[in-house]
Structures are given as C-alpha cells and as structure tokens.
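In case you want the letters, here they are:
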Amino acid sequence: MAVENMWEITLARLDKIMEMLSLSEGIKKYLREPRKTIEVAIPVKMDDGSIEIFKGYRVQHNTNRGPGKGGIRYHQDVNLDEVKALAMLMTWKCAVVGIPFGGAKGGVIVDPTRLSSGEIERITRRYIYEIIDNIGPEKDIPAPDVGTNSKVMAWIMDTYSMGKGYSVPGVVTGKPISLGGSQGREDATSRGCVYSILSTLKVLKIEKHTLDIVIQGFGNVGSNAAKILFDLGHKIIAISDVTGGLINKKGINPYKLGEYISKGEMLSGYPEADHIEGSKIFEIECDVLVPAALENQITGSNAAKIKAKIIAEGANGPTTPDADKILNENKIFIIPDILCNAGGVTVSYFEWVQGNLAYFWGKREVNLKLRDIMEKAFYDVYDCCVVKKIDMRTAASILGVSRVAEAVVLRGIYP
Ligand code: NAD
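Parameters at a glance
Chains are numbered independently. Their residues run from 1 in the order of the written sequence. Since the coordinates come from a predicted model, pLDDT governs what is reported: local features require at least 70, and pairs of side-chain atoms require 80 or more to be given and counted, while whole-chain, interface and lining totals use all residues. Here the side-chain values reflect all heavy atoms present in the structure, with hydrogen atoms and water set aside. Secondary structure follows DSSP: runs of H or I at least 4 residues long count as helices, runs of E at least 2 residues long count as strands, and numbering of each begins at the N terminus. Summary of the burial criterion: residues with accessible area below 20% of their type's maximum are buried, those above 50% are exposed, and those between are partly exposed, where the area comes from a 1.4 Å probe applied to protein chains only. Only heavy atoms matter for contacts: two residues are in contact if any of them lie within 4.5 Å across the pair. For this description, a residue counts as near a given molecule or strand if any of its non-hydrogen atoms is within 4 Å of it. Think of a polar contact as two N or O atoms within 3.5 Å of one another; within protein, one of them needs to be a possible hydrogen donor and the other a possible acceptor, and neighboring residues in sequence only count if both atoms come from side chains. Surface exposure here means Shrake-Rupley accessible area, sampled with a 1.4 Å probe, where a residue is shielded only by the protein chains that are shown. Here the aromatic set is Phe, Tyr and Trp, taking the six-membered ring for Trp, and pairing holds for ring centres within 6.5 Å; pairs whose planes are under 30 degrees apart are stacked, those over 60 apart are edge-to-face, and all others are tilted. A 1.4 Å probe that fits into a set of points on a 1 Å grid over the protein atoms alone but cannot get out defines a cavity; an open set with protein on both sides within 12 Å along at least five of seven lines defines a pocket, and lining residues are those with an atom within 4 Å of a point. Grid points are joined across faces, edges and corners, and a volume is the space filled by probe spheres set on the points. Classification used: nonpolar for Ala, Val, Leu, Ile, Met, Phe, Trp, Tyr, Cys and Pro, charged for Asp, Glu, Lys and Arg, polar for all others including Gly. The domain limits used here are those given by an automatic or database domain assignment. Each of two parts loses accessible area, computed with a 1.4 Å probe, when they are put together; buried area is these two losses added. Take a side-chain nitrogen of Lys or Arg and a carboxyl oxygen of Asp or Glu: if they are within 4 Å of each other, that pair is a salt bridge. An expected span of 1.5 Å times one less than the residue number is assigned to each helix.

Participant: Would you mind going over the environment of Val 96 with me for this structure?
Facilitator: Along the chain, Val 96 turns up in helix α3 (residues 80–96). Taking the relative accessible area as the measure of exposure, Val 96 reaches 1% and is therefore buried. Spatially, the C-alpha atoms of Val 96 and Leu 232 are 27 Å apart, while their sequence positions differ by 136 residues. In this view, Val 96 contacts Ile 338, Leu 339, Ala 377, Val 381, Ala 396, Gly 400 and Arg 403; residues no more than four positions away in its chain are not counted.

Participant: Got a minute to help me understand the site of the ligand in this structure?
Facilitator: Taken together, 23 residues lie around the ligand, and Asp 145, Thr 189, Asn 220, Val 221 and Asn 316 are the ones closest in. Phe 218 places a main-chain nitrogen or oxygen 2.9 Å from an oxygen atom of the ligand. A distance of 3.1 Å is found between an oxygen atom of the ligand and a backbone nitrogen or oxygen belonging to Ala 293. Burial of the ligand by the protein chains amounts to 84% of its free accessible area of 840 Å². Secondary structure elements with two or more residues in the shell around the ligand: α7 (220–231) and β7 (235–241).

Participant: Just to check I follow, could you spell out the packing of aromatic side chains for this structure?
Facilitator: In this description, an aromatic ring pair is defined by two values, namely the gap between the centres and the angle between the planes. Tallied over the entire structure, the rule returns ten aromatic pairs. On the basis of an interplanar angle of 45° and a centroid distance of 6.0 Å, the ring pair of Tyr 349 and Phe 350 is categorised as tilted. The exposure class of Tyr 349 is partly exposed, given its relative accessible area of 21%. Between Phe 350 and Trp 361 the ring centres are 5.4 Å apart and the planes differ by 50°, which places this aromatic pair in the tilted class.

Participant: Explain the layout of surface pockets here, please?
Facilitator: One way to see where empty space is left: roll a probe the size of a water molecule over the atoms. In this structure, the second largest pocket spans a volume of roughly 220 Å³. Lining of the second largest pocket is provided by Ile 9, Ala 12, Arg 13, Lys 16, Ile 17, Pro 321, Asp 324, Asn 328, Asp 391, Arg 393, Thr 394 and Ser 397. Within the residue set of the lining of the second largest pocket, elements represented by two or more residues are α1 (6–20), α9 (321–329) and α13 (392–411). Among the elements that take part in the lining of the second largest pocket, α1 stands out by supplying five residues, more than any other. Of the residues belonging to the lining of the second largest pocket, the class tally is four nonpolar, three polar and five charged.

Participant: Just checking my understanding: could you explain empty space enclosed by the protein for this structure?
Facilitator: Per the stated rule, a full pass over the model turns up one cavity of 30 Å³ or more. One number sums up the size of the largest cavity: a volume of about 200 Å³. Every residue lining the largest cavity is counted, 17 residues in all, and those nearest its centre are Thr 10, Arg 13, Leu 89, Arg 393 and Ser 397. Of all the secondary structure elements, the ones that give two or more residues to the lining of the largest cavity are α1, α3, α10 (337–340) and α13. Of the residues assigned to the lining of the largest cavity, the class counts are eight nonpolar, six polar and three charged.

Participant: Just to check I follow, could you spell out the domain arrangement of the protein chain for this structure?
Facilitator: Many analyses report the size of an interface as the accessible area lost when the parts associate. Its domain assignment divides the protein chain into domain 1 (34–179) and domain 2 (188–340). For domain 1 versus domain 2, the separation of C-alpha centres amounts to 27 Å. Summed over both partners, the interface of domain 1 with domain 2 comes to about 770 Å²; 59% of that surface belongs to carbon and sulfur atoms. The largest share of the area that domain 1 buries against domain 2 comes from Leu 89, Lys 93 and Val 96, three residues that together contribute 48% of it. Here Glu 295 makes a salt bridge to Arg 73, at a shortest N to O gap of 3.0 Å. If you look at where domain 1 meets domain 2, you find two residue pairs in polar contact (both at pLDDT 80 or more). Elements with a contribution of two residues or more to the side of domain 1 that touches domain 2: β3 (68–75) and α3. Ranked by residues supplied to the side of domain 1 that touches domain 2, first place goes to α3 with six residues. When grouped by side-chain class, the residues that make up the side of domain 1 that touches domain 2 number five nonpolar, one polar and five charged.

Participant: What exactly am I supposed to notice about α1 here?
Facilitator: Residues separated by three or four positions in an α-helix point in the same direction, a consequence of the helix having 3.6 residues per turn. Between the first and last C-alpha of α1 there are 21 Å, a value that for 15 residues agrees with the 21 Å anticipated at 1.5 Å per step. Where α1 is concerned, the buried positions are Met 6, Trp 7, Ile 9, Thr 10, Leu 11, Leu 14, Ile 17 and Met 18. The N-cap residue of α1 is Asn 5: its side-chain oxygen and the backbone nitrogen of Trp 7 are 2.8 Å apart. In the stretch just after α1, Ser 22 is the one whose phi turns positive, near 50°.

Here is the structure:
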C-alpha cells in the first residue's frame, strides 16, 4: 500500500476548496503556506547516562483569527509534513466551530512507550525550552495529542512558567484540573464527537435506540467515545488499538476493557470478546464507525469494504481522498474531522479563557457550552452541505477556509 503524504493530501483538498470559493491568487498563496515552521534538536540525558538527540517541530499555520492552537504529538512516525498538515487542519477546525484561534501543531519523533517517565519529562522540558519564545497565551497554545497527556501538559506549564518567573496557566491546555485544567477537557473530543453523531441521527431521521458502534483506537479519543456511547445505551460491538482488534456482537464494556488494559494487559488479549486482526475493524457491519487512531487509515484499498451508515472522524485525517470518493458513492454519511473532533479544541478554548481569568466553571456548564458550539457548527456545516449539494467534508472546509480568508482580507497584508 502506498504511503499517503498527509501534507500533499491536505494541500490538494485546500486547492479544491479555494477554487470553489474563487479566492484571489494572492490569498490562495497565503493560505497554502504555514506562517512559521520551527525545527529543533532536543538533547536529552537518558536514564543509563547516554545522550540522545530527538527531533521536534512546531508549526503555526495561521494566526489571523487568534493565537495558534494545536496539540503536541509524541510518536515515532512524526515528520514535518504531517505536523504542517495537522497545523493547517487546526486552522480550519477553529474557524468551523467559531473559536478565536488559529492553527498550530507540534511533534517530537519519539516512541514514548519505550521511555521512562523521567526521560519523557526531560524531552518535554527541553523541547519547550527550545520553542519557548514562540509559544505563550497570546501566541500559540499547545495541548495533548497522540502520545501526550495531562502530565506532559503540566511539565509544559511548569517549564514555561519557570522561564517567566510566575505561573502562566494559559500557555497550555489539557492540564490536570489541580493546575487550572478545565472540567470536561479529558473527554471533550469524544463528547463533541458524540454530539455530532446525535445531530446526524436527527438529520438522517435514524430512530434506532441501540446503535451498533465500531471504534478504531482506544486512547484518549477512542476510549472516551466508547464510554460515552456505552453510557447512552449503545453497543460497542468492535474496538481495536495498535495491538489488534476485538469483536463481540453482544457488546463490549469499555470500562471493563479500560481496567483490563490499565493492569498492563494488551487490548487484543481481552477475554470477553473474540480477537480479530486490527485491519478487519473496517469490515464490520455497524451503524457508526469511529476512526480514533491515526491519519490515512481509511484508504482506496479498504473503503469499499466499510459497511457503516455513519463515519464519525474522531482522528485527524483518517480518510484519504480516494476513500472519500468510494464512501460518498456508497452513501455513507461522513462527519469530517474538522467538525467531528473539534470538541477538544473547544474545551481547550474554555480552559484558556478560565485560566486567563482565574475563574473556573463546573462540568455541567462546560458540557452545555460545548454542546451549544458543536450543535451550531454541525448545523452550519449541514446547511451548507444541503444548500450547495456538496458532501459534509467539502461543506466544513468551505466554512473554515472562507472564515479564515475573510480574516486575512480584513486584516490586510503587513506592512
Ligand atoms: P492516543 O495516543 O491517546 O491514542 C491513540 C490510539 O490509537 C491508541 O489506542 C493506539 O493504540 C491506537 N492506534 C495507533 N495506531 C493504530 C493502528 N494502526 N490501528 C489501530 N489503533 C491504533 O491519541 P488520541 O489523543 O486519542 O488521538 C487519536 C486521534 O484523535 C489522533 O488522530 C489525534 O490527532 C486526534 N485528536 C485528538 C484530540 C485529543 O484531544 N486528544 C483532539 C482532536 C483530535
């Protein structure tokens, strides 16, 4: 299978949208190019006394609507093209949900599962030190992504705050609650994803009470989506992670599965379901398929096998353009990433607001505000899709790109 270049895919999709919007050549050039690309070497003393050099990136794609916002990924396959693509997707995502941020993303080439907590802490602190002048509550605000979590965010906040000489909670989101994290941030991406699924059921007039759900990925996004959907009475009939997949048509309890994994066991060994190959996850008949792992998972070679009614993209960029074509022909309703997984950045926005004001909200308030924003964004995209007779991904991109283009035009080109 050819490895798809996410940056080329993202640019090709942008070109198509900009053509539809009839943007000027100058604005097209402006939107294609990230504003700032930073590459750093991160020297770290390892536990055995040796010195390793890791490579890290931070890309700020666009900051016309507000400071850069985007996660930091720790993964062995991180590369600059991927970080650039993810930063660009963040720009459109923030505009789709109407929050005042631009798009950014960071990454370090490292497999965190092979390192000790101390080594990950030293990588984090040195990485942040190397990019410190480029981040901050008014400049660029990182958050968790694949391979990073609230613990890593706490180290980022501490490193930045030590440099300033006072606590700066607004520099990062996804922090532990005790350090100014927001209620509801941990499962916000998944909750937003579920709100989008519920809106989809309404517009498609699906009244089935117990949906069959299939989820790829059992990390932050996948496991929380599984738990929220399970709590709503739906059935998680299959789930996978990097170790393989599980199927049980009677339903898998994600809480029990989470407990099993937390004891150091592998998902694929869970006894209350049958083991399947990870790739088979896309072939199972279901109502909703939630890809919540990595990009380029649904491709031209497996899209035709998908038998879901709805695909809710928890992950960023899980579907390639070849696959999109097949899924659209097969009338599968796609809730695109820049809408479906925008709950995370939305509650990150709430966290940033709360941190800057030092005034904190309860979980109910956070979740209600999240629901309002997600529902409005869903119907904005859906209305555009109906009026213009286009698919949901194109509609979401049209909204996101046009809002950013408008901001660029209104601000003008400096000097
Ligand atoms: P995570 O590191 O917590 O979990 C990733 C999961 O994917 C793990 O269960 C891992 O085993 C699984 N995985 C990796 N490769 C796989 C493969 N080939 N097949 C099956 N499973 C595989 O990461 P996360 O934070 O849950 O992020 C998942 C996706 O959601 C990413 O695309 C990320 O960019 C996106 N996302 C995350 C957030 C957030 O708030 N964390 C917000 C928006 C979007």
